[in-house]
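Residue-level structure breakdown
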Amino acid sequence: MNDRNSRTDDVLVPAIFGVIIGGLLAVIAYFPLVVLLQNVFDVPEPTATPKKYRGDTEPISPWYWITWMVPALVAIPAGLGLSCWRRIRVFALASTVTFVLGAAAVAAVVISFEINGFAPD
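Residues numbered from 1 in each chain as written. Predicted model: local features only at pLDDT ≥ 70, side-chain atom pairs only at ≥ 80, totals over all residues. Heavy atoms only, no water.

**So, the packing of aromatic side chains**
Given two aromatic rings, one states the distance between the centres and the angle between the planes to describe the pair. Tallied over the entire structure, the rule returns six aromatic pairs. Clustering of aromatic rings is evident, with ring pairs tying together Tyr30, Phe31, Tyr64, Trp65, Trp68 and Phe99. (Phe/Tyr/Trp six-rings, centres within 6.5 Å; stacked < 30°, edge-to-face > 60°.)

And the structure:
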C-alpha cells in the first residue's frame, strides 16, 4: 500500500506544478508574446470600432491569425519533446496542455474584443 501512494504522489505533485506553470505562462506571457510578434512582423491592427459603426474596412491580415497561433504551435512540440524524459514527463504534458488551453481562452477573449470592437452603445 505504501508503494502505491508513493507512485500517486510522484505523479500528482509534478502535475499540479505543471498546471500552475502552464496557466501562469498562458495568462502572463502569451499575450505579450503575441503583441511582440505582431510588432516584429508589422501586422496591421484591426479597428476596435464596433461592427455596426464601421463602414467597409479592409479584411484582417492572415499574419494577424498566424501570430496568435505561433506560440501555441511552438509550445506543443516543445512539450512533447520534453515529455521524452521520464522524470519530467508528467510536468511537461500538464504544463503544455494547460498552456495551450489557457492560451486559447486568452486568444478568444482578446480577438473577440479586437474584431467585434468595444464601445458603449
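**Re helix H2 (residues 62–82)**
The first and last C-alpha atoms of H2 sit 31 Å apart over 21 residues, in line with the 30 Å expected at 1.5 Å per residue. Within H2, the axis deviates most sharply at Met69, by approximately 35°, and proline Pro71 lies no more than four positions further along. For H2, the full list of buried residues reads Tyr64, Thr67, Trp68, Pro71, Ala72, Ala75 and Gly79. (Helix = DSSP H or I, 4+ residues; strand = E, 2+ residues; numbered from the N terminus. Expected span 1.5 Å × (residues − 1). Bend = angle between axes of the 7 residues up to and from the residue. Buried < 20%, exposed > 50% of the residue type's maximum accessible area, 1.4 Å probe, protein only.)

**Section: the layout of surface pockets**
Where empty space is left can be seen by rolling a probe of water-molecule size over the atoms. Considered as a void within the structure, the largest pocket measures approximately 260 Å³ in volume. Lining of the largest pocket is provided by ten residues; of these, Asp10, Val11, Arg86, Arg87 and Val90 occupy positions nearest its centre. Residue assignment for the lining of the largest pocket shows that the elements contributing at least two residues are helix H1 (2–40) and helix H3 (89–116). Looking at the lining of the largest pocket residue by residue, the classes come out as five nonpolar, no polar and five charged. (1 Å grid on protein atoms, 1.4 Å probe; cavity = no way out; pocket = protein on both sides within 12 Å on 5 of 7 lines; lining within 4 Å. Points joined across faces, edges and corners; volume = space filled by probe spheres on them. Nonpolar A, V, L, I, M, F, W, Y, C, P; charged D, E, K, R; others polar.)

**Focus on the packing of H2 against H3**
For the pair H2 and H3, interaxial distance at closest approach is 9 Å and the crossing angle is 175°. Taken together, H2 and H3 sit at an angle that is classed as roughly antiparallel. Contacts between H2 and H3 involve Tyr64, Trp65, Trp68, Pro71, Ala72, Ala75, Ile76, Gly79, Leu80 and Leu82 on the former and, on the latter, Ala92, Leu93, Thr96, Phe99, Val100, Ala107, Val110, Ile111, Glu114 and Ile115. Broken down by class, the residue content of the contact of H2 with H3 amounts to 17 nonpolar, two polar and one charged. (Axes fitted to C-alpha atoms, helices over the stretch in contact; angles between N-to-C directions. Parallel < 35°, antiparallel > 145°, perpendicular 65-115°, else oblique. Contact = heavy atoms within 4.5 Å.)

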